[in-house]
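# What the coordinates show
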Amino acid sequence: MIAIFFVLLIPCGGFARGTGANKAQIPIPGVKGVLELNVGTTAWGAHVRADGKEIQLQAMYRMDDIRITAFLQKVNFPASADNCRGKWWPMTAKAAPLKREELRQYDRDGIAVVEYIIPEFRGNTLHQKSVHAYLGANDLCAEVHLSKDQFVPEDQEVFDEILSTVRLVTDETGHSESNAAEEKKRYLAEGSRFYLEHNYKSAAELYQRALDLEKRDRTLSRDVFRVLVDNLGMSYGLTKKYPMAKETFEYGISQDPEYPLFYYLMACTYGEQGLMNESIKQLSLAFKYKANVIPGESLPDPLKDDSFRKFSHDKRFVDAVRDMQSQ
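This text gives an overview of the structure that appears in the document.

Cut-offs and rules
Residues numbered from 1 in each chain as written. Predicted model: local features only at pLDDT ≥ 70, side-chain atom pairs only at ≥ 80, totals over all residues. Heavy atoms only, no water. Pairing = 2+ DSSP bridges. Helix = DSSP H or I, 4+ residues; strand = E, 2+ residues; numbered from the N terminus. Axes fitted to C-alpha atoms, helices over the stretch in contact; angles between N-to-C directions. Buried < 20%, exposed > 50% of the residue type's maximum accessible area, 1.4 Å probe, protein only. Phe/Tyr/Trp six-rings, centres within 6.5 Å; stacked < 30°, edge-to-face > 60°. Lys NZ or Arg CZ within 6 Å of the ring centre and 35° of its normal.

## Focus: the sheet that holds strand β1 (residues 23–27)
Pairing is antiparallel in the open sheet, where three strands are placed in the order β1-β2-β10. If you trace the sheet from one side to the other, it starts and ends with β1 and β10 (167–169), each paired once. Between one strand axis and the next, the sheet turns by 25° as a mean value, whatever way the strands run. As judged from the three bridges shared by strand β2 (residues 34–38) and β10, these two strands associate in the antiparallel manner. Each bridged residue has a counterpart across the sheet, and for Leu35 the counterpart in β10 is Leu168.

Structure (structure tokens):
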């Protein structure tokens with residue numbers, strides 16, 4: 001899976017992590033163009049197909065139970081919304097020969113849409129609404145699939161809101177970017193692929209290149225910047241390059257001093273080195289700013305985090321953490 005801004009926070013116990021962010025942007029590494037959509041306040045992740053020609057996104061745990069999947073693929077035919085629907089929808093329909101009711105196709109705002117209701121599945125009432133939205137430009141096709149079981153008319157407004165955020169951004173759509181910005185995006189994408197493959201050494205090299213470019217020209221959104229710093233610092237931590245991890249989180253704090261995860265991950269860095277006093281100091285700052293997490297995140301419990309295993313039974317550490325948590 002590739003993730004530029006990814007999946008929900010888990011304890012740093014070895015620093016493993018991704019994040020949730022409302023606006024998802026998924027590119028194919030080395031290919032110009034990016035699919036954008038707002039997935040809502042939920043965890044999401046993406047992965048690149050083995051041949052490097054397709055990236056898939058999943059956001060499955062929204063509070064309203066709408067499931068979102070999206071695909072961006074490099075194709076060998078002139079891509080347009082109609083052409084992508086014409087090529088992909090028949091394959092989808094054939095691969096899943098289900099009973100479909102209220103089936104209709106239409107176009108909206110440059111997106112080719114297929115929608116329908118699946119009334120039942122294996123004898124059980126389902127009433128699932130499915131919407132397949134297709135976009136295309138140059139050599140890229142994109143599909144966004146929304147579905148919800150036990151669909152009611154009131155849900156349609158939310159479906160429409162999600163679709164209104166979907167964009168396929170390419171040079172030809174009037175959103176050309178500088179070479180540096182394209183390079184930064186590529187380093188983020190490729191670094192995230194290595195990160196989620198647990199190849200933290202390669203991830204750190206690519207994330208560092210992205211951060212170096214970002215230092216010269218701040219163009220990343222706040223949440224993307226936060227995740228870049230988090231993932232880079234943890235990549236250094238996972239390869240035991242603690243001074244580099246510390247330097248990364250210090251830079252993040254200098255730019256965004258009220259984001260709690262920078263302090264928490266700095267505490268993890270000290271914890272891995274057995275430095276309890278320093279860990280407590282950073283944890284206290286993390287809990288001070290705990291309200292400023294990215295939507296979908298939360299601060300982990302340090303008493304259950306393996307990064308603090310060296311003093312998890314030390315009364316002073318335990319008491320300090322419990323005092324922070326009670327505030």
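What follows picks up the thread again.
## A short note on the pairing of strand β7 (residues 111–121)
Of all eleven residues that make up β7, nine are buried, and the element is covered over most of its length. With six bridges connecting them, strand β6 (residues 101–108) and β7 associate as antiparallel partners. Of the residues in β7, the one forming a bridge with Arg108 is Ile111. Here β6 folds back onto β7 in antiparallel fashion, the turn holding two residues, of which Asp109 has a positive phi close to 50°. Hairpin connection of β7 to strand β8 (residues 124–137): two residues between the antiparallel strands, including Arg122 at a positive phi of 55°.

## Digging into the packing of aromatic side chains
Under the definition given, this model contains eleven aromatic pairs. For the pair Phe225 and Tyr251, a centre-to-centre distance of 6.2 Å together with 70° between the ring planes defines the contact as edge-to-face. Pair noted here: Phe225 is in helix α5 (residues 222–238) and Tyr251 is in helix α6 (residues 242–255), with a separation of 26 residues, a long-range link. Taking the centre distance of 6.1 Å and the plane angle of 90° together, the rings of Tyr264 and Phe308 count as edge-to-face. Residue Tyr264 is located in helix α7 (residues 260–272), and its partner Phe308 is located in the loop between α8 (276–288) and α9 (315–326); the two are separated by 44 residues in the primary sequence. Per residue, the accessibility class of Tyr264 equals that of Phe308, and both read buried. Here the aromatic residues Tyr264, Phe308, Phe311 and Phe317 are joined through ring pairs into a cluster of three or more. Here Arg100 stacks its cationic end above the ring of Tyr116, 4.8 Å away from the centre of that ring. Of note, Lys215 hangs over the ring of Tyr251, and the distance from its end group to the ring centre comes to 4.6 Å.

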